[in-house]
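As a plain string of letters, each chain reads:
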Amino acid sequence: MAAKPKLPSRAWQRMLSGRRLDLIDPSPLDVEIEDIAHGLARVARWNGQTSGEHAFSVAQHSLLVLAIIRKSEPAATPDALMMALLHDAPEYVIGDMISPFKAVIGGDYKNVEERLLAAIHLRFGLPAATPAAWKVAIKRADAIAAWFEATRLAGFTTSEADKFFPHANGYEPDPALIEPMPPRDAQAGFLDAFMQLEHSRDATKRRG
């Protein structure tokens, strides 16, 4: 009996917008901000191991990182702020993999993540790769956000969190950014932040 022909592997994901995003060779033309906001608002940080009625989403985490960058980097340009908002945007396709598991998987995950982020950046008129100085600033803000999430939501003691994440002395986040939001609120907040930054970017370009 002849073997059945092997079906080709599918390396794309269909989005609610109708776009098909190829994970191997992602095109900026297949990236839509509505898909990103929808997906990130439904991806849980900390594998869902957080307190509260709702999961703490990647969309809400992105808003927290943006708030920290605004405070820590008052000279940040609208482009830099947009890169902060979108720093975890690839997770609308590949989910939020916790750091210990990323360490187990190694470079393949990182390569896919970087290709997706480059396509997302290009879609919205940003450099394909985040400039080094802003990458450092965003990474620090990301870790500070993780400290607050760890201690307020994920059951870490302060001493435990201090071993893994930097704590910003004197910084206290808006309580609304730490209280887990329903997905629709996180999605709306993410989209609103994006639209405000787009308006600021347009105004900067007009002045330039």
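Scroll up to find the structure.
Reading the values: rules and limits
- Residues numbered from 1 in each chain as written.
- Predicted model: local features only at pLDDT ≥ 70, side-chain atom pairs only at ≥ 80, totals over all residues.
- Heavy atoms only, no water.
- Helix = DSSP H or I, 4+ residues; strand = E, 2+ residues; numbered from the N terminus.
- Rg over C-alpha atoms; globule rule 2.2 N^0.38 Å.
- Buried < 20%, exposed > 50% of the residue type's maximum accessible area, 1.4 Å probe, protein only.
- Contact = heavy atoms within 4.5 Å.
- Polar contact = N/O pair within 3.5 Å; in protein donor to acceptor, adjacent residues only side chain to side chain.
- Salt bridge = Lys/Arg side-chain N within 4 Å of Asp/Glu carboxyl O.
- Core = buried A, V, L, I, M, F, W, Y, C linked by side-chain atoms within 4.5 Å.
- Phe/Tyr/Trp six-rings, centres within 6.5 Å; stacked < 30°, edge-to-face > 60°.

Colleague: Even after reading the chapter, I still don't get the overall build of the protein chain, so can you show me in this structure?
Modeller: When you go through the protein chain residue by residue, the secondary structure sums to 10 helices and 2 strands. Here the C-alpha atoms of the protein chain give a radius of gyration of 18 Å, agreeing with the 17 Å that 2.2 N^0.38 yields for 208 residues. By principal-axis analysis of the C-alpha atoms, the protein chain measures approximately 70 × 45 × 30 Å. Burial analysis of the protein chain (208 residues in total) assigns 44% to the buried set. Contacts in the protein chain between residues far apart in sequence, at least 24 positions, make up 67% of those at least 6 positions apart.

Colleague: Help me understand helix H3 (residues 78-85), please; the structure alone is not making it clear to me.
Modeller: The α-helix advances 3.6 residues per turn, and as a result positions three or four apart in sequence lie on the same side. Taken across its 8 residues, H3 has 7 buried, putting it largely inside the fold. What H3 keeps buried is the set Pro 78, Ala 80, Leu 81, Met 82, Met 83, Ala 84 and Leu 85.

Colleague: Mind showing me how you'd approach the side chain of Glu 113 here?
Modeller: Tracing the sequence through the fold places Glu 113 in helix H6 (residues 107-123). For Glu 113, the side chain forms a polar contact with the side chain of Lys 110, separated by 3.2 Å.

Colleague: Before we go on, may I ask you to explain the pattern of salt bridges in this structure?
Modeller: Two side chains with opposite charge may pair up if their charged atoms get near one another. Inspection of every chain in the model, using the stated rule, returns 7 salt bridges. Measuring nitrogen to oxygen at the nearest pair gives 2.6 Å for the salt bridge that ties Asp 79 to Arg 201. Within this pair, whereas Asp 79 is found in helix H3, its partner Arg 201 is found in helix H10 (residues 183-207), the two being separated by 122 residues in sequence. Its relative accessible area of 30% is what places Asp 79 among the partly exposed residues. Linking Glu 113 and Lys 110 is a salt bridge whose minimum nitrogen-to-oxygen distance equals 3.2 Å.

Colleague: So what exactly am I meant to see when it comes to the nonpolar core here?
Modeller: Judged by nonpolar contacts, the single largest core of 59 residues is most densely connected at Ile 36, Leu 85, Leu 86, Tyr 92 and Phe 190. Where this core is concerned, the elements lending two or more residues are helix H1 (33-40), helix H2 (58-72), H3, helix H4 (91-94), H6, helix H7 (132-152), helix H9 (175-178) and H10. Excluding its chain neighbours within four sequence positions, the residues that come into contact with Leu 86 are Ile 33, Leu 117, Ile 120, Phe 124, Leu 126 and Phe 190.

Colleague: Teacher, can you tell me more about the packing of aromatic side chains here?
Modeller: Both the distance between ring centres and the angle between the ring planes are used here to describe each pair of aromatic rings. Here the structure, examined in full by the defined rule, presents 7 aromatic pairs. Look at Trp 147 and Phe 148: their rings are 5.1 Å apart centre to centre, the planes differ by 85°, and that puts the pair in the edge-to-face class.

Colleague: Could you clarify how one ought to interpret the side chain of Glu 32 in this entry?
Modeller: Following the sequence through the fold, Glu 32 ends up in the loop between strand S2 (20-22) and H1. Among the polar contacts made by the side chain of Glu 32, one reaches the side chain of Arg 19 at a distance of 2.9 Å. Setting aside residues no more than four positions away along its own chain, Glu 32 makes contact with Ser 17, Arg 19, Arg 123 and Phe 124.

Colleague: Where do I start with H1 in this structure?
Modeller: Along H1, 6 of the 8 residues are buried, which leaves the element largely enclosed by surrounding structure. For H1, every residue scored as buried is listed here: Ile 33, Asp 35, Ile 36, Ala 37, Gly 39 and Leu 40.

Colleague: Where do I start with the environment of Ala 186 in this structure?
Modeller: Tracing the backbone through its elements, the reader meets Ala 186 in helix H10. Taking the relative accessible area as the measure of exposure, Ala 186 reaches 0% and is therefore buried. Each C-alpha atom of the pair Ala 186 and Ser 57 lies 7.4 Å from the other, and the pair is 129 residues apart in sequence. Residue contacts for Ala 186: discarding those within four places in its chain leaves Ala 41, Ser 57, Ala 59, Gln 60 and Met 181.

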